[in-house]
Amino acid sequence: THDDLYDHNFTLALAYTHNWDSVCDANNSVAQSPLALVPLTSSAHCFSSSATDVVKHRLNIDAFEPSLAWTMTPRLVIQGGGTIQILDGFQSNPYRSVLVGSQHQEPQEHEPLYRQRYAVFGRAVYAFPQWRASSLTMIRLYQDSWAMQAATADLVVNKYITQSTLLSLRGHYHLQSGASFYRDGEGYRTNGPAGQYWTGDRELSPMSNYLVGGRLAFLRKPQQERASWFVEMEADVKYELLLYQLDSVNAPNYDRTYAHIVQASFAVRF
């Protein structure tokens, strides 16, 4: 829900979502300890009531996001807000195993069942009418109950290069710490887990990444909407380069340091 206040200069918005999710996992009911958990090898029998080699775990997700947008001037709009997300249920990757200890035990990844995630963000959009351009900046700070902390910054510049062609350039930076129970591969091998949980997820490791890219879009709207069979037509292409920086050569997938993202799309709105 949202509401405009003070002659539409402020917009207050509140959003809430709830997910009822199910996760398929190997049947580890006979495991004597977390170190005896075995990973799921195939999804062939998942969510079948007659299968005995797999089980179904629940995962409930509640998310609440308030935000406030302020039209400061005819050219500048700012927005601030936050996000609270609560996850309750199975959150490990059922297919992932982790090498734990010098005895080369490889149990299934074992993560806590409960996680609270908090974030605050700020955005600012500024228009440059004389150049037919605009810019968007965003800063986001994040913390959760797994002791992860992160900061993210985005910058997007949009410019009409013709009446119907829009060019967008984007820069992105993200920096995060690792979860409290995370260790790299050598740490797990020599010292074992940091407590009762362990993970092989690179997204829970200390890391940073950079992204640069651009998007070229062709937009067309008929001059007389009632006389046309469409309201708006859009075709665009996008390219982005994502660069990863991990804190250790023993981090998961350390050799995968970059990704190319190429996308093309076409849309017609009626």
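Structural data are supplied above this passage.
Residues numbered from 1 in each chain as written. Predicted model: local features only at pLDDT ≥ 70, side-chain atom pairs only at ≥ 80, totals over all residues. Heavy atoms only, no water.

Caption draft 1: Quick peek at the overall build of the chain. Of the regular secondary structure elements, the chain holds 1 helix and 11 strands. Counting from the amino terminus, helix and strand elements in the chain follow one another as β-β-β-β-β-β-β-β-α-β-β-β. Since a compact globule built from 270 residues should have a radius of gyration of about 18 Å, the 24 Å found for the chain marks it as more spread out than a globular shape. Taking the principal axes of its C-alpha atoms as reference, the chain extends roughly 70 × 45 × 40 Å. Looking at the chain residue by residue over its 270 residues, the buried ones come to 33%. Accessible surface, the chain: about 16500 Å² in total, of which carbon and sulfur atoms supply 56%. Averaging the locations of the 21 positively and 25 negatively charged side chains of the chain gives two centres separated by 8 Å. (Helix = DSSP H or I, 4+ residues; strand = E, 2+ residues; numbered from the N terminus. Rg over C-alpha atoms; globule rule 2.2 N^0.38 Å. Buried < 20%, exposed > 50% of the residue type's maximum accessible area, 1.4 Å probe, protein only. Areas by Shrake-Rupley, 256 points an atom, 1.4 Å probe, with all protein chains shown as cover. Lys, Arg positive; Asp, Glu negative; His and termini not counted. Charge placed at Lys NZ, Arg CZ, Asp CG, Glu CD.)

Caption draft 2: A look at the pattern of salt bridges. Tallied over the full model, the rule gives 11 salt bridges. Among the ionic pairs, D88 bridges to R58, the shortest N-O distance being 3.7 Å. One end of the pair, D88, is in strand β4 (residues 76-89); the other, R58, is in strand β3 (residues 54-71), with 30 residues separating them in the sequence. E240 serves as the salt-bridge partner of R170, at 3.3 Å between the closest nitrogen and oxygen. You can see R170 sitting in strand β8 (residues 165-176) and its partner E240 sitting in strand β10 (residues 232-246), a full 70 residues away along the chain. The class of E240 is buried, set by a relative accessible area of 7%. (Salt bridge = Lys/Arg side-chain N within 4 Å of Asp/Glu carboxyl O.)

Caption draft 3: Just the packing of aromatic side chains, in detail. Going through the model one piece at a time under the given rule, you end up with 9 aromatic pairs. Between Y126 and F128, the aromatic rings sit 4.9 Å apart at their centres with planes inclined by 65°, giving edge-to-face as the arrangement. We classify Y126 as partly exposed; its relative accessible area is 30%. With a centroid separation of 5.5 Å and 20° between ring planes, the pair formed by F128 and W131 is classed as stacked. Here a set of aromatic residues connected by ring pairs shows up, and it is made of Y6, F10 and W70. The cationic tip of R115 hangs over the ring face of W146; the distance from NZ or CZ to the ring centre is 4.2 Å. The positively charged end of R202 is found above the aromatic ring belonging to Y244, 4.1 Å away from the centroid. (Phe/Tyr/Trp six-rings, centres within 6.5 Å; stacked < 30°, edge-to-face > 60°. Lys NZ or Arg CZ within 6 Å of the ring centre and 35° of its normal.)

Caption draft 4: Broad picture of a nonpolar patch on the surface. Taken together, the side chains of L14, Y16, F64, I84 and Y118 make up a nonpolar region of the molecular surface, amounting to roughly 480 Å² of accessible area. Take Y16: its relative accessible area is 54%, and that puts it in the exposed class. (Patch = residues over 30% accessible without salt bridge, like charges linked within 9 Å, V, L, I, M, F, W, Y side chains within 5 Å.)

Caption draft 5: Geometry of the side chain of E240. At 3.3 Å, the side chain of E240 forms a polar contact with the side chain of R170. Excluding its chain neighbours within four sequence positions, the residues that come into contact with E240 are R170, L211, V212, G213, A259, H260 and I261. (Polar contact = N/O pair within 3.5 Å; in protein donor to acceptor, adjacent residues only side chain to side chain. Contact = heavy atoms within 4.5 Å.)

Caption draft 6: Here's a closer look at the sheet that holds β4. The 11 strands are arranged β1-β2-β3-β4-β5-β6-β7-β8-β9-β10-β11 in an open sheet whose pairing can be described as antiparallel. With partners counted over all chains shown, the strands left at the sheet margins are β1 (2-5) and β11 (258-269), one partner each. In this sheet, neighbouring strand axes are inclined to one another by 15° on average, regardless of whether the strands run parallel or antiparallel. Pairing analysis gives 12 bridges linking β8 to strand β9 (residues 207-220), with the strands arranged antiparallel. Counted as the bridge partner of L175 is S208 from β9. (Pairing = 2+ DSSP bridges. Axes fitted to C-alpha atoms, helices over the stretch in contact; angles between N-to-C directions.)

Caption draft 7: Expanded view of the nonpolar core. Y142, W146, M148, A179, F181 and L204 are the most contacted members of the largest nonpolar core, which has 15 residues in total. At the level of elements, β9 and β10 are the ones that each hand at least two residues to this core. Considering every element that reaches this core, the biggest residue donor is β10, with 3 residues. What A179 contacts, discounting residues up to four positions off in sequence, is W146, M148 and L204. (Core = buried A, V, L, I, M, F, W, Y, C linked by side-chain atoms within 4.5 Å.)

Caption draft 8: Region of interest: unusual backbone geometry. A positive phi angle, close to 50°, is found at R132, a residue other than glycine. Along the chain, the position of R132 falls in the loop between β5 (114-128) and β6 (133-144). One non-glycine residue, A147, adopts positive backbone phi at about 70°. By the secondary structure assignment, A147 is in the loop between β6 and β7 (149-160).

Caption draft 9: Examining the environment of D144 more closely. For D144, the location among the structural elements is in strand β6. Classification of D144 by relative accessible area gives buried; the value is 6%. For D144 and I86, which are 58 residues apart along the polypeptide, the C-alpha to C-alpha distance reads 9.7 Å. Discounting residues that sit within four places of it in the chain, D144 has contacts with R115, Q116 and R117.

Treat this as a map of the structure, not an account of what it does.
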